[in-house]
Amino acid sequence: MESNVYIDTEVSTEEFYKYERSIQVRLDGFSFSIIDGTKEVPSIIAYGEEMVVATPLPLLSVELERWIQTLPFLNEEFKRTTIVFDLDRVITLPVDLFNPDDVSSYCRLHFPDFNEQMDYCVWSQPYGSRWGSLFVIPISIVDVLKHYFEQVHLVHSQTVMYQMKRYLPLQSEPIVLVSKRRSSMDVMIFDDHQELKFVNRFVINGTMDIPYYIISAIDSLSLKVEKVDVLIMGDANPKEEGVLFLQRQCNNIRFFNGGIRFDGMNYLDDSPDYVRMPFLSVFRCEL
């Protein structure tokens with residue numbers, strides 16, 4: 001188990017009603033951030049993460065509750081609290097193909113292990129978006145969240161990732177946006193008009209899975225690898241074998257900081273800003 005926490009020592013609890021709190025839930029760990037987004041340059045009020053050995057999904061609520069009890073400022077009132085799930089049972093759909101009045105039917109169709117007695121369905125659609133994410137979490141996790149938080153917004157990490165399209169660089173070539181974790185990777189491809197054309201989540205068993213899935217996604221749209229811009233964020237190492245191989249195949253590959261800088265990043269550790277960007281940028285989501 002590995003954890004670290006940063007707290008701005010000059011923070012005033014009287015200002016908490018202005019701040020956005022987000023909590024991220026994964027099988028291999030948890031993290032939280034408290035962001036003051038009212039300034040021209042957003043600042044990190046607090047941040048923390050705990051990496052654990054992968055937790056079986058049925059036990060995730062137990063580990064989550066243990067970790068929530070350690071959170072600083074747990075009982076303070078925030079502008080918004082968002083819970084971001086980075087779990088595998090998710091599908092991103094165009095709004096035109098989804099009927100929110102019959103969520104369970106979609107879950108039974110797309111998730112073979114869905115259990116109406118044990119699982120909770122969530123439809124997460126950003127404000128004004130033509131796309132949304134349907135995902136499933138155990139009801140036991142919902143019970144834990146209701147116990148500690150009066151009101152929360154439940155979203156999936158793919159929703160946060162999709163909303164980053166507003167901050168993608170303007171260019172005439174398609175963009176491949178990659179969000180990598182230790183054991184999984186989300187890939188989204190946007191055309192030159194920033195319309196979503198591809199989205200999928202892949203399980204990573206080895207470093208060479210990274211270029212394999214990215215190149216396969218590009219090929220599925222009949223695009224040329226050398227003609228797309230690949231932006232990578234999350235837990236990726238520029239020196240690992242898979243990334244080096246991808247760099248040899250793609251002319252345009254870089255690590256993406258979400259188009260934003262934060263005050264307070266230098267207090268966390270020596271990790272590049274793109275590592276935490278999938279979670280720190282949650283405060284910008286229009287939910």
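Our subject is the structure that appears above.
Residues numbered from 1 in each chain as written. Predicted model: local features only at pLDDT ≥ 70, side-chain atom pairs only at ≥ 80, totals over all residues. Heavy atoms only, no water.

Visitor: Help me understand the sheet that holds strand E7 (residues 119-124), please; the structure alone is not making it clear to me.
Guide: Pairing between sheet strands relies on hydrogen bonds along the backbone, with the strands arranged either parallel or antiparallel. Here three strands make up an open sheet; going across it, the order is E6-E8-E7 and the pairing antiparallel. Of all strands in the sheet, those with a lone pairing partner are strand E6 (90-94) and E7, marking the two edges. Averaged over all pairs of adjacent strands, the angle between their axes in this sheet comes to 20 degrees, without regard to strand direction. Two elements, E7 and strand E8 (residues 131-138), share six bridges in a ladder whose sense is antiparallel. (Pairing = 2+ DSSP bridges. Helix = DSSP H or I, 4+ residues; strand = E, 2+ residues; numbered from the N terminus. Axes fitted to C-alpha atoms, helices over the stretch in contact; angles between N-to-C directions.)

Visitor: Can you help me understand the side chain of Ser-31 in this one?
Guide: Within the fold, Ser-31 resides in strand E3 (residues 29-36). Given the relative accessible area of 1%, Ser-31 is considered buried. Ignoring anything within four residues of it in the chain, the contact list for Ser-31 reads Ser-22, Ile-23, Gln-24, Arg-26, Tyr-47, Gly-48, Glu-49, Trp-67 and Phe-279. (Buried < 20%, exposed > 50% of the residue type's maximum accessible area, 1.4 Å probe, protein only. Contact = heavy atoms within 4.5 Å.)

Visitor: Where do I start with the nonpolar core in this structure?
Guide: A general feature of soluble globular proteins is that nonpolar side chains tend to end up buried together. The biggest cluster of nonpolar side chains holds 30 residues, and the ones touching the most others in it are Ile-68, Phe-85 and Leu-145. For this core, the secondary structure elements donating two or more residues are strand E2 (20-26), E3, strand E4 (43-51), helix H1 (60-68), strand E5 (80-85), E8 and helix H3 (139-148). In this view, Leu-145 contacts Leu-64, Ile-68, Ile-83, Phe-85 and Leu-154; residues no more than four positions away in its chain are not counted. (Core = buried A, V, L, I, M, F, W, Y, C linked by side-chain atoms within 4.5 Å.)

Visitor: Help me out: how do you make sense of the packing of aromatic side chains in this one?
Guide: For any two aromatic rings, the description comes down to two numbers: the centre-to-centre distance and the angle of the planes. Within this structure, the stated rule accounts for 13 aromatic pairs. Considering the side-chain rings of Phe-32 and Trp-67, the 6.3 Å spacing of their centres and the 55 degrees angle between planes classify their relative orientation as tilted. You can see Phe-32 sitting in strand E3 and its partner Trp-67 sitting in helix H1, a full 35 residues away along the chain. Taken individually, Phe-32 and Trp-67 each receive the classification buried, so the pair is uniform in this respect. Through successive ring pairs, a cluster of aromatic residues spans Phe-16, Tyr-19, Phe-73 and Phe-78. One Lys or Arg, Arg-284, reaches over the ring of Tyr-167 and ends 3.6 Å from the middle of that ring. (Phe/Tyr/Trp six-rings, centres within 6.5 Å; stacked < 30°, edge-to-face > 60°. Lys NZ or Arg CZ within 6 Å of the ring centre and 35° of its normal.)

Visitor: Mind showing me how you'd approach the packing of helix H5 (residues 209-220) against helix H6 (residues 241-249) here?
Guide: The description of two helices packed together rests on the angle between their axes and the distance between the axes. Here H5 crosses H6 at 40 degrees, and the two axes come no closer than 7 Å. Residue-level inspection shows Ile-210, Pro-211, Ile-214 and Ile-215 of H5 in contact with H6, the latter providing Gly-242, Val-243, Phe-245, Leu-246 and Gln-249. Across the contact of H5 with H6, the residue classes break down as seven nonpolar, two polar and no charged. (Nonpolar A, V, L, I, M, F, W, Y, C, P; charged D, E, K, R; others polar.)

Visitor: Help me understand the pattern of salt bridges in this model?
Guide: For side chains bearing opposite charge, pairing can occur when the charged atoms are close. A full pass over the atoms with the stated rule returns 18 salt bridges. Between Asp-36 and Lys-39 there is a salt bridge whose closest N-O contact spans 3.9 Å. Taking relative accessible area as the criterion, Asp-36 reaches 5% and is therefore assigned buried. Put simply, Arg-130 and Glu-195 hold a salt bridge, and the shortest N to O gap is 2.8 Å. One end of the pair, Arg-130, is in the loop between E7 and E8; the other, Glu-195, is in the loop between strand E11 (184-190) and strand E12 (196-203), and 65 residues separate them in sequence. Taken together, the shared-partner salt bridges in this structure form one network comprising Asp-86, Asp-88, Asp-186 and Arg-201. (Salt bridge = Lys/Arg side-chain N within 4 Å of Asp/Glu carboxyl O.)

Visitor: Mind showing me how you'd approach the sheet that holds E11 here?
Guide: Spatially, the five strands line up as an open sheet ordered E12-E11-E10-E13-E14, and their pairing is mixed. Looking at the sheet topology across the chains shown, the edges are occupied by E12 and strand E14 (252-255). Taking the axes of each pair of neighbouring strands and ignoring which way they run, one obtains an average angle of 15 degrees across the sheet. Sitting on the sheet, H5 touches strand E10 (175-180), E11 and E12, and the angle it makes with E11 is about 25 degrees.

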